[in-house]
Amino acid sequence: MEFLRITQMLDKAYVATPEKVGFADETGEMSFRKAKENSLFVARAIIDKLAGKQGNIAIIMPSGMVEAVCLFGVLYSNNVFSCIDEKSPNERIEKIFSILNPIAIITDEKTKEKVDSLGFDGTVLVYEECKKTNSNIELPVIEANEETTKEP
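What you are looking at is a predicted structure, and each value in this text was computed from that prediction instead of being measured.

(A) Structural context of the nonpolar core. Within the largest apolar cluster, 30 residues are counted, with the highest numbers of intra-cluster contacts made by Phe23, Ile46, Ile57 and Ile106. Elements with a minimum of two residues in this core: α1 (6-16), α2 (32-50), β3 (56-60), α3 (65-76), β5 (104-107) and α6 (127-130). With nine residues, the single largest contributor to this core is α3. Ala58, Ile84, Val115 and Leu118 belong to the second-largest nonpolar core, a separate cluster that totals nine residues.

(B) Spatial organisation of the pattern of salt bridges. In the structure shown here, the tally under the stated rule is five salt bridges. We note a salt bridge from Glu129 to Lys132, for which the minimum N-O separation is 3.4 Å.

(C) Broad picture of the packing of α1 against α2. Across the interface, α1 lies against α2 with an axial gap of 8 Å and an inter-helix angle of 135 degrees. Accordingly, the angle class assigned to the pair α1 and α2 is oblique. Relative to α2, the crossing made by α1 is left-handed. Each of Leu10, Asp11, Ala13 and Tyr14 in α1 lies in contact with α2, whose residues at this interface are Phe32, Arg33, Ala35, Lys36 and Ser39.

(D) Focus on the packing of aromatic side chains. As enumerated under the stated definition, the model contains three aromatic pairs in all. Ring geometry for Phe23 versus Phe32: centroids 6.5 Å apart, planes at 70 degrees, classification edge-to-face. Phe32 matches Phe23 in its accessibility class, with the two residues each being buried. An angle of 75 degrees between the planes, with centres 6.0 Å apart, marks the rings of Phe23 and Phe72 as edge-to-face. With Phe23 in strand β1 (residues 21-25) and Phe72 in helix α3, the pair connects residues that are 49 residues apart, well separated along the chain. The two residues Phe23 and Phe72 agree in class, both being buried. Through a chain of ring-to-ring contacts, three or more aromatic side chains come together here, namely Phe23, Phe32 and Phe72.

(E) Looking closely at the side chain of Thr107. Within the secondary structure, Thr107 is located in strand β5. Using a relative accessible area of 0% as the deciding quantity, one classes Thr107 as buried. For Thr107, the contacting residues outside a window of four places in its chain are Ile60, Met61, Lys112, Val115, Val124, Leu125, Val126 and Tyr127.

(F) Quick look at the sheet that holds β3. Taken in spatial order, the four strands of this open sheet run β4-β3-β5-β6, and their pairing is parallel. Looking at which strands have only one partner, the edges of the open sheet turn out to be β4 (80-84) and β6 (123-126). Put simply, the sheet's adjacent strands are angled 25 degrees from each other on average, direction ignored. Both β3 and β5 contribute to a ladder of four bridges, which runs parallel.

(G) Here's a closer look at the pairing of β1. Across four bridges, the pairing between β1 and strand β2 (residues 28-31) is antiparallel. Across the sheet, the residue bridging to Phe23 is Met30, located in β2.

(H) Just the layout of surface pockets, in detail. Within this model, the largest pocket holds a volume of roughly 330 Å³. Elements supplying a minimum of two residues to the lining of the largest pocket: α2, α3 and α6. Sort the elements by how many residues they give to the lining of the largest pocket and α3 lands first, with three residues. A breakdown of the residues in the lining of the largest pocket according to their chemical character gives six nonpolar, four polar and eight charged.

So, how was this worked out
Residues numbered from 1 in each chain as written. Predicted model: local features only at pLDDT ≥ 70, side-chain atom pairs only at ≥ 80, totals over all residues. Heavy atoms only, no water. Core = buried A, V, L, I, M, F, W, Y, C linked by side-chain atoms within 4.5 Å. Buried < 20%, exposed > 50% of the residue type's maximum accessible area, 1.4 Å probe, protein only. Helix = DSSP H or I, 4+ residues; strand = E, 2+ residues; numbered from the N terminus. Salt bridge = Lys/Arg side-chain N within 4 Å of Asp/Glu carboxyl O. Axes fitted to C-alpha atoms, helices over the stretch in contact; angles between N-to-C directions. Parallel < 35°, antiparallel > 145°, perpendicular 65-115°, else oblique. Left-handed = near helix turned anticlockwise from the far one by under 90°. Contact = heavy atoms within 4.5 Å. Phe/Tyr/Trp six-rings, centres within 6.5 Å; stacked < 30°, edge-to-face > 60°. Pairing = 2+ DSSP bridges. 1 Å grid on protein atoms, 1.4 Å probe; cavity = no way out; pocket = protein on both sides within 12 Å on 5 of 7 lines; lining within 4 Å. Points joined across faces, edges and corners; volume = space filled by probe spheres on them. Nonpolar A, V, L, I, M, F, W, Y, C, P; charged D, E, K, R; others polar.

Everything listed is a geometric property; what it means functionally is a separate question.
Shown next as structure tokens:
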């Protein structure tokens with residue numbers, strides 16, 4: 001049995017069927033190619049803005065394909081993600097933050113006002129701006145650990 005990291009699953013789908021619809025929600029569809037490209041834009045924006053700092057990154061936006069792309073971007077940057085419901089009251093999000101201690105937040109343009117109301121003093125990345133990143137920063141090589149490669 002082969003064990004894969006979730007980023008390897010996207011990589012394999014990208015190579016095998018790049019134009020196949022990989023993500024879809026009520027707003028539209030995204031091919032594996034576009035999902036990987038957008039994920040890499042997010043990853044490079046994270047690495048660029050955080051200057052190598054690693055930790056937990058909160059993703060606060062509506063659930064859907066853009067959230068999934070951001071999740072992959074966080075993983076490609078070799079960080080950890082926590083998806084937080086954008087409809088949660090600020091008090092609840094602040095309690096979550098007190099435990100997670102996120103180093104950054106990724107949001108979208110529609111949810112940025114909500115994120116701004118949290119008073120977060122760390123880095124806030126907006127998905128639509130991440131897609132404009134012209135960075136060629138090299139992504140970290142994420143090695144499979146023994147637990148992801150051994151047979152059960």
